[in-house]
Amino acid sequence: MSNPDYIAEKEKCKVFLKTFTTTCTVGEKKYMNLLENISRRKSDALDIDLADLQEFCAEEEGFGSFYDNLLSNSRRYVSLFAEAADELMPRRASDLMDEDDTFDILLQQRENVEANTDDAHGSNQGLPNLLRRRFRVYLKPSVKSEMRDLRSIRAADIGHLVTFKGICTRVGDVKPLIEVACLTCDSCGFEIYQEILGEAFNPISKCPSGVCRSSSNTKDLFLETRASKFTRYQEVKVQEMSEDVPVGHIPRSITVQVKGSLTRTVGPGDIVVVTGIFLPKAFTGFKAINAGLVANTFVEAMSVTQSKFRNLDACTSSDMMNTLHRYRKHPDIYGRLAQSISPEIFGHEDVKKALLLLLCGGVARRLLDGIRIRGDIHVCLMGDPGVAKSQLLKHIVTVAPRGVYTTGRGSSGVGLTASIQRDTLTGEMILEGGALVLADNGICCIDEFDKMDESDRTAIHEVMEQQTVSIAKAGITTTLNARTSVLAAANPAYGRYNLAATPQENINLPAALLSRFDLMWLILDAASADTDMALAHHVIHVHREGRAPGLSFDPIGPAELRAYIAHARTFRPSVPGELADYIASAYAEMRQDELDAGELAMGYTTARTLLSILRLSEALARLRWANQVVEDDVNEALRLIKMSKVSLEDSSDDIPAKLDPITAVYTALREWADAHFSTEVSYERALSLIVSKGYPKEVLDACLEEYSSLDVLVLDGDNNILFVE
């Protein structure tokens, strides 16, 4: 391909900016309106939508290769668009001159000096266009833009516009980056403007004015920072998503340079979609001596968007809000939202309700004396292997606006809280947040919680209650925010729950940690013929069809569920005074029950349990989009707390509850008859029923013989059963 004529290419840029009109409003010139807003200081960004440019190039003659050239040589075409915009920029209205800032006044003075300078005695170089420019050009990707894997961006993409997805692991401070340096002569006062195209430059050492050249002045020039032009600059480190990492490899990362209005748009832990220009960067200074001919690469950001919107930045479009209001009118929206969490996982209805409340959260309150009462809900799932604990954690990470997944054995105390790193840009010691800090205002899912070392587990204590991480390392003493909900999954102490041991021996976690969990759920893998049959059919259907079996309703998608919860979190419900006595009496009763149980107590009821009741009640009120807690919310919160402890009690109740086979067969037959509102059971039905429960035919015959002799039931000639009322 021949080299393009960049003068002609700039003319094409001007044609596009002048003539492009939107389809929704015929005759409205979109980009001329943007230039008008820039001239009026209402905007400082010129966003070129690639979808508009592609549509324009397809319709206009002579623009056949323009779009492809832009994608393959993006940095040059960004400068061409900037030069074209400078020539098309409308003159600033005279009624806005009173609003001039310091930069405008300095620019006017420079223009006056330039106009009155005698070129015979000086070197009039003119003001560079970059100094006059009050905007930056950004290329916005279209919906059809190809999403690349970070690992697939290679040397062939140098200079190209690339789009990829990743997670921000480090976000640097915003610093001023010099774009135009103003050097002033100390002898004659002449100003020289030097454009800075890279990260380093060699300032001009001698004054080029005629006065200094004629007098052979050797005085140095000094940098005038007030007359120079700076822009906002931030470095972001983006790491590829864990699902994109091949087997046996480690995640790759790349540095993204963010400038102008794109700064401060992302934070650590955010999952972002970045569109930018892939460029090389040579090492400078002492690093160049060690690196030799090797260069580093980076991406100059053109667009940075959140892949999953945050709680406070939810999508509030009219269509989405109409959909959410339609969902809210459902009579059992609470159950429907809960069943929409991992619908492919069988059962666990109450566990999913608890996870829904964890996503919604309570209301954080700050008292007048500065004490902060957390509103985030912590949940611990402890159970036998194979009860889908890890699957629930993985799904919560995908649904949550911000979620971080880690495992106990693969996490250290430093990896969970914060570590000391050296900044590659300034060389200073900085803090890099761990998993709990990255999950700020989100959810941190910790799998294999019981496998963590005790020294590492203690790092979580402060986070779970005070929601801060206190650091005193390498001369840095500070406190980081970690306002995160902790969702932990663990196995019992013996790998599988031992019914012969006490709950405390099975759980094997310190009381100080257990009391910080609002809900402690024990999920047992108990053998039951009916449940196991239903579970098997469910799992087989998921493997065969790739989706959950048909429900009585359509599950709510992750995006809509996230939007519903995000809108619910905007409410701040409070507990009315008339419910205070009711909640206090319920808490006192729970404490008394634990005191009566003595050593057989199934949990630790402390003052934190009272706060858990309030947080769960507030989360339920938020799901109703209400600003006040009602008694039903408190009852449901108490029910969930009771269910979490009933799951602990079930393990001990199963031991004395075992019946002898004959009594168990009679109970099963009687329950079946009562459930079908009948007093008759055929022998074939009874046989299939007790076989499904694991009893042989001989036990059924012995049961019928014994209970018929007691005149509890009557048998006919075919051994069909008739219960005597």
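Throughout this description, residue numbers start from 1 for each chain and increase along the sequence as written. Only residues with pLDDT of at least 70 are given local features in this predicted model, and only at 80 or more are side-chain atom pairs given and counted; all residues enter the totals for whole chains, interfaces and linings. As a rule here, side-chain values cover all heavy atoms of the structure and leave hydrogens and water aside.

Description of the overall build of the protein
Next up, step 1: Within the protein one finds 27 helices and 24 strands.
Next up, step 2: The buried label goes to any residue with under 20% of its type's maximum accessible area, the exposed label to any with over 50%, and the partly exposed label to all in between, with areas taken from a 1.4 Å probe on protein chains only. Counting over 725 residues, the protein shows a buried share of 45%.
Next up, step 3: By definition, residues are in contact when any of their heavy atoms lie within 4.5 Å. Within the protein, counting contacts between residues at least 6 apart in sequence, those at least 24 apart form 70% of the total.
Next up, step 4: Per-residue and other accessible areas follow the Shrake-Rupley method at a 1.4 Å probe size, with only the shown protein chains counted as cover for residues. Summed over its atoms, the accessible surface of the protein is roughly 37200 Å², and 52% of this surface lies on carbon and sulfur atoms. We count a stretch as a helix when DSSP gives it H or I for four or more residues in a row; a strand needs E for two or more, and each element gets its number in order from the N terminus.

Some thoughts on the sheet that holds strand β24 (residues 721-723)
Backbone hydrogen bonds are what pair the strands of a sheet, in a parallel or an antiparallel way.
Next up, step 1: When DSSP finds two or more bridges between a pair of strands, those strands are recorded as paired. Spatial strand order, β22-β24-β23: three strands in an open sheet with antiparallel pairing. Unpaired on one side and paired on the other, β22 (680-681) and β23 (713-715) mark the two borders of the sheet.
Next up, step 2: Of the pairings in the sheet, the one linking β22 to β24 comprises two bridges and is antiparallel in character. Paired with Val 681 across the bridge in β24 is Ile 721.
Next up, step 3: Fitted lines through C-alpha atoms serve as axes, helices being fitted only where they are in contact, and the angles separating the N-to-C directions of these axes extend from 0 to 180 degrees. Together, β23 and β24 form the strand contacts of helix α27 (residues 697-709), whose direction differs from that of β23 by roughly 115 degrees.

Structural notes on the pairing of strand β10 (residues 295-306)
Next up, step 1: Where strand β8 (residues 253-259) meets β10, three bridges bridge the pair, whose relative direction is parallel. Across the sheet, the residue bridging to Val 256 is Val 299, located in β10.
Next up, step 2: The pairing of strand β9 (residues 271-282) with β10 spans eleven bridges and is classified as antiparallel. Paired with Pro 280 across the two strands is Thr 297, which belongs to β10.

Notes on the nonpolar core
Next up, step 1: Residue types Ala, Val, Leu, Ile, Met, Phe, Trp, Tyr and Cys, when buried and joined through side-chain atoms within 4.5 Å, form a set referred to as a nonpolar core. Judged by nonpolar contacts, the single largest core of 59 residues is most densely connected at Leu 356, Leu 357 and Leu 487.
Next up, step 2: A total of eight residues in this core trace back to one element, the largest contributor, which is helix α12 (residues 349-360).
Next up, step 3: Apart from residues no more than four positions distant in its own chain, Leu 487 is found in contact with Leu 355, Leu 358, Val 379, Leu 381, Leu 393, Ile 396, Ile 443, Cys 444, Cys 445 and Ile 446.
Next up, step 4: In terms of nonpolar packing, the next biggest core, distinct from the first, is built from 33 residues, Leu 17, Leu 35, Leu 53 and Ala 82 among them.

Things to note about the sheet that holds strand β20 (residues 485-490)
Next up, step 1: Taken together, five strands build an open sheet; the order of strands is β14-β17-β20-β13-β21 and the sheet is parallel. Both edges of this open sheet fall to β14 (403-407) and β21 (519-523), since each of them pairs with a single strand only. Along the sheet, successive strands turn relative to each other by an average axial angle of 15 degrees, direction set aside.
Next up, step 2: Judged from the five bridges that link them, strand β13 (residues 379-383) and β21 form a sheet pairing that is parallel. Within β21, the position partnered with Val 379 by the bridge is Leu 519.
Next up, step 3: The strands that α12 touches are β13, β17 (443-447), β20 and β21; relative to β21, the one it contacts most, it runs at about 150 degrees.
Next up, step 4: Lying over the sheet, helix α13 (residues 389-399) contacts β13, β14, β17 and β20, oriented at roughly 160 degrees with respect to β17.

Section: the pattern of salt bridges
Next up, step 1: Basic side-chain nitrogens of Lys or Arg form a salt bridge, by our definition, when they fall within 4 Å of a carboxyl oxygen of Asp or Glu. Per the stated rule, a full pass over the model turns up 25 salt bridges.
Next up, step 2: With a closest N to O distance of 2.8 Å, Lys 14 and Glu 87 form a salt bridge. Of this pair, Lys 14 sits in helix α1 (residues 6-19) while Glu 87 sits in helix α5 (residues 74-88); the two residues are 73 residues apart in sequence, bridging distant segments of the chain.
Next up, step 3: Judged by relative accessible area, which is 43%, Glu 87 ranks as partly exposed.
Next up, step 4: Overlapping salt bridges bring together Arg 374, Glu 465, Asp 518, Arg 608 and Arg 615 as one network.

Considering helix α23 (residues 607-623)
Next up, step 1: Given a helix with a known number of residues, its expected span is that number minus one, times 1.5 Å. With 17 residues, α23 should cover 24 Å at 1.5 Å per step; its first-to-last C-alpha distance of 25 Å lies within 8% of that length.
Next up, step 2: Positive backbone phi, approximately 60 degrees, marks Trp 625, located one or two places after α23.

A few points about a negative patch on the surface
Next up, step 1: Patch building starts from residues that exceed 30% relative accessible area and form no salt bridge, then joins like charges within 9 Å and nonpolar side chains (Val, Leu, Ile, Met, Phe, Trp, Tyr) within 5 Å. His is not counted here, nor are the chain ends, while Lys and Arg score as positive and Asp and Glu score as negative. Think of each charge as sitting on NZ of Lys, CZ of Arg, CG of Asp or CD of Glu. A surface patch of like charges, here negative, comprises Glu 55, Glu 59, Glu 60 and Glu 61.
Next up, step 2: Along the chain, the position of Glu 61 falls in the loop between α3 (50-59) and α4 (66-72).
Next up, step 3: Of the residues examined, Glu 61 reaches a relative accessible area of 76% and is grouped as exposed.

Details of the packing of aromatic side chains
What describes a pair of aromatic rings is the distance from one ring centre to the other and the angle between the planes of the rings.
Next up, step 1: For this analysis, a ring pair means two rings from Phe, Tyr or Trp (six-membered ring only for Trp) whose centres lie within 6.5 Å, classed as stacked if their planes differ by under 30 degrees, edge-to-face if by over 60, and tilted for the remaining angles. Scanning the entire structure with this criterion turns up 16 aromatic pairs.
Next up, step 2: Between the aromatic rings of Phe 16 and Tyr 31, the centroid separation amounts to 5.0 Å while the plane-to-plane angle is 45 degrees, which identifies the pairing as tilted. Here Tyr 31 lies in helix α2 (residues 30-39) and Phe 16 lies in helix α1, a separation of 15 residues in the sequence. For the residue pair Phe 16 and Tyr 31, the accessibility class agrees, reading buried in each case.

A look at helix α10 (residues 318-328)
Next up, step 1: What α10 keeps buried is the set Met 320, Met 321, Thr 323, Leu 324 and Tyr 327. Along the long axis of α10, the arc covered by the buried residues comes to 160 degrees, so they all point the same way. The exposed residues of α10 that point more than 90 degrees off its buried face are Ser 318, Asp 319 and Arg 326. Each direction from the helix axis to a C-beta atom contributes to the arc, which is the arc of those directions.

Let's talk about the environment of Leu 34
Next up, step 1: Looking at where Leu 34 falls in the secondary structure, it is placed in helix α2.
Next up, step 2: Counting along the chain gives eleven residues from Leu 34 to Ala 45, while the straight-line C-alpha distance between them is 8.5 Å.
Next up, step 3: Apart from the residues lying within four places of it in its own chain, the contact partners of Leu 34 are Leu 46 and Asp 47.

Digging into the environment of Leu 438
Next up, step 1: Within the secondary structure, Leu 438 is located in helix α15 (residues 435-438).
Next up, step 2: The spatial distance from the C-alpha of Leu 438 to the C-alpha of Gly 267 is 8.4 Å, given a sequence separation of 171 residues.
Next up, step 3: Apart from residues lying up to four places away in sequence, Leu 438 is in contact with Cys 168, Thr 169, Pro 268, Gly 269, Arg 402, Val 404 and Gly 433.

Describing the confidence of the model for the protein
Next up, step 1: Residue-level confidence of the predictor is summarised by pLDDT, bounded by 0 at the bottom and 100 at the top. In this model, the protein carries an average pLDDT of 80, and 87% of its residues clear a pLDDT of 70 or more.
Next up, step 2: Element-level mean pLDDT values for the protein span from 68 in helix α6 (residues 102-116) up to 92 in β8.
Next up, step 3: Every residue in residues 119-124 scores below 50 in pLDDT, and together they form eleven contacts with partners more than four places removed in sequence or on other chains.

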